[in-house]
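Working through the structure, step by step
Spelled out, the chains give:
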Amino acid sequence: MTFALAYWQETAVKLAVILAVVPTASLVLVYLFLFKWVSFMQSRLGPMEAGPHGSLQLIAEAVKFLQKEDLMPGRADRHVFAAAPVVVLMSTFLLFVVIPAGPDLVVESLPTGIFYALAVSSLSTLGVLMAGWASANKYALLGGLRAAGQLIAYELPLVLAVVGVVVQAETLDIQGIVAAQADGAIFGWGGIGLPYVLTQFLGLLIFMVAAQAELTQAPFDMPIAESEIVGGFQVEYSGFRYLLFFMAEFGTAFAFSALGAVLFLGGWWFPGFDTDANALNVIGPAIMLGKVLILSFVIFWVRFTYPRLREDQLQQFAWKLLIPVALLNITVTGILKVAF
Amino acid sequence: MTAVEQRRRQAYVDAQASEARVTIELQTGDMTLNIGPQHPATHGTLRIAARLDGEQVVACEPIMGYMHRGYEKLAEVRTYPQVTTLINRIDWLGSFANEVPFILAAERLMEVEAPPRAQWIRTILFELSRIANISLFLGDMGVQVGALTPVFYAFRDRERVLNQIEAVTGGRFHPNFDRIGGLKDDLPKGWIDETRAVMATMRRFCDEMEELLMGSEIFEARCRGIGVIPAEVALSYGLSGANLRGSGIDWDLRRDANPGLAWDQIDWKVWTHPDGDSFARYWVRLQETREATYMVEKLCDGLPGGPIMAKVPRIIKVPAGESYVSTENPLGEMGYYVISQGDLGPFRVKIRTPSFNNISVVPWVMRGVYVPDVITILGSLYFILGDIDR
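Summary of the structure given here.

Rules and cut-offs
- Residues numbered from 1 in each chain as written.
- Chains lettered and ligands numbered in written order.
- Predicted model: local features only at pLDDT ≥ 70, side-chain atom pairs only at ≥ 80, totals over all residues.
- Helix = DSSP H or I, 4+ residues; strand = E, 2+ residues; numbered from the N terminus.
- Rg over C-alpha atoms; globule rule 2.2 N^0.38 Å.
- Pairing = 2+ DSSP bridges.
- Axes fitted to C-alpha atoms, helices over the stretch in contact; angles between N-to-C directions.
- Contact = placed C-beta atoms within 7 Å.
- Nonpolar A, V, L, I, M, F, W, Y, C, P; charged D, E, K, R; others polar.
- Parallel < 35°, antiparallel > 145°, perpendicular 65-115°, else oblique.
- Left-handed = near helix turned anticlockwise from the far one by under 90°.

1. Quick look at the overall build of chain A
- Of the regular secondary structure elements, chain A holds 12 helices and zero strands.
- Secondary structure elements of chain A, listed N to C terminal, follow the sequence α-α-α-α-α-α-α-α-α-α-α-α.
- Taken over the C-alpha trace, chain A has a radius of gyration of 20 Å; the compact-globule value for 340 residues is 20 Å, and the two agree within 12%.
- Overall size of chain A, expressed as C-alpha extent along the three principal axes, is 65 × 50 × 45 Å.

Right, here's the structure in full:
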């Protein structure tokens, strides 16, 4: 049975899905990694009181943030200050639009999906810069400018890392990339398809490093750097505005892990299924979640292990190492693509 | 001058002028950034007024005194046994070590000497407070460079050392245990074996920090060659402790001017590092902590028997005179200059604290560094606010 919805109905459903998925995604990451996994790494328990193993702590935190006074510095640029967290969060919401969780479970399958995703992900830096400037705070300004410098340095390797995948899959469509991995074969053996992590391992590494910087997670968290510039652009934010930043941070971490999963790990596809099997619409989200959690685990593992680099060292790392390696990766991929 | 030459010269002048105009236009004013008094990197209320050009520090000045508690003045209206309660709180992470030089100064005036067992236990507790103090630094340095995990390990393992101090003195942070002429109590039963186990734990902690933090390439990139203090500068600013040894100067009061504790009766090594940068200071402290664990074990092995208190009058009156005793505290040279006029309490006490001198090198060492390095250098100089402001 097929049923068709009117355009407005469809849009409303999609909107509801996005509004539900983004907070859930960031809550899952916050609970699993920021609360529990990190506590395990740091030999402590983490939240234990609210609910079994502190699982309701998130609700307590959210309520705490919501009931706080809405503070704004006297000299702040009021409208920009208020708009900044919304801009940052909007970039997260827009990212989720093209991330698929099954053959048909995608809000909007764009023919240039991956291009769109990388484009909207850089929107968040605009919000960060707005926050840094509008806070009328020197620490915030330093943080905002650092974030801007970081974006320019890291957007490039991120894009270049993805180009390798795009060349190999011959499409910019995210669903197409998943299908290409599912239909691929390792030296003629199609048992597990061809997840691009095997051929584009260098690409995955560069992608994860650049994503780490894009997400301002340690060791690239100079825009926040709570031990130097005390939170950087977030320093003047409190209450629900801070909650927006917080949600955006973890939502984007989820989105980038999801992009990584789609590009390199085969997305929602699992060996043994047809790419258009209806069953994947049911278990696809679970498969996707598993792959996302693997990648985000790596992100948080690195985050809580390494010290922070200095801004100039980060720039050197990006321009002198990551970009040349990414270009090399593209060249080799291109040559092999033509050769075979 | 030909017309061509003149025109050429004029063009040159114009070019210079326009370039100068651009430079002036592009020139941005310096920004003054107040780091502190409420800033996580200052572990308290130190304020650093830094003038920045972009992210580069042009000049900076430490401003202290936000936590001044007037201990020198307060000591004048206390009796000698009461003073230890105050001076416990100077360097609050290594409290027992604060008491020792004052008690030694008073003992020197009274011409009393603590019995050997008391001296050895004093030395053990002194080294334990050094371990408790510096192990926290070893983890906290991670926070300064942005790694949050090491500090939790530091807190976890320091707890065991504090438990040992508590088992003897009854106080985790402020033992108030040293007495003129000896100690308040003897060691509890079974304490020595427990302490040996704790020392093994602390050595494991040191290994862990060596791998997790010091072995990290990012930590090296952030600390090697950053905040270099050459030996002559370190001397001229009166640095002491690991900051001085990190600049390659082999100077340790425990060995060079032992004021009457058991350090000269065991075998140990003074660690120095020639580089003088943040990494060297961290390295020296790590080695010292490990060395201190061995020292505690050796002291436990050779602990003599006998009384723990010399014969002192019930009401302590210190004869008139002056004495200065300094010891190698966890942070550096800590000394008490005590003037007595034969009363129940000191007439005047001057406290020489290591952090005050160590922090005075900040304007020199911070010139031209970046803001993130300000934090790592401050962290590696390792000061305690109570120790600066007293």
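Moving on, there is more to tell.
2. Brief notes about the sheet that holds strand β2 (residues 47-53) of chain B
Residues and elements named next belong to chain B.
- Ordered by their spatial adjacency, three strands build an open sheet running β1-β2-β3, and the pairing between neighbours is antiparallel. At either margin of the open sheet sits one strand with a lone partner, and together these are β1 (31-35) and β3 (56-63). Taking the axes of each pair of neighbouring strands and ignoring which way they run, one obtains an average angle of 20 degrees across the sheet.
- Inspection of the sheet shows β2 paired to β3 by seven bridges, in the antiparallel sense. Bridge pairing links R51 to A59 in β3.

3. A word on the environment of G51(A)
All names here are of chain A.
- When you line up the elements, G51 lands in the loop between α1 (7-41) and α2 (57-67).
- Spatially, the C-alpha atoms of G51 and Q212 are 31 Å apart, while their sequence positions differ by 161 residues.
- In contact with G51, not counting residues within four places along its chain, are L56 and Q57.

4. Thoughts on the interface of chain B and chain A
- Contact residues are listed per partner, giving 26 residues for chain B and 23 residues for chain A.
- Elements supplying a minimum of two residues to the side of chain B that touches chain A: β1, α5 (116-144), α6 (149-169), α8 (217-223) and α15 (371-381) of chain B.
- When grouped by side-chain class, the residues that make up the side of chain B that touches chain A number 17 nonpolar, six polar and three charged.

5. Here's the deal with the packing of α1(A) against helix α3 (residues 78-97) of chain A
All names here are of chain A.
- One can describe the packing of α1 onto α3 by two numbers: an axis separation of 10 Å at closest approach and a directional angle of 115 degrees. Here α1 lies roughly perpendicular to α3, going by the angle between them. The two elements α1 and α3 meet at a crossing, and its hand is right-handed. Every residue of α3 that contacts α1 at I18, V21 and V22 is listed here: T92, F93, F96 and V97.
- Split by residue class, the contact of α1 with α3 holds six nonpolar, one polar and no charged.

6. Thoughts on the environment of F254(A)
Residue and element names in this part refer to chain A.
- Among the secondary structure elements, F254 is positioned in helix α10 (residues 239-264).
- In this structure, the C-alpha to C-alpha distance between F254 and F240, residues 14 residues apart in sequence, is 21 Å.
- Once residues lying within four places of it in the same chain are set aside, the contact partners of F254 are A25, S26, L29, V292 and S296.

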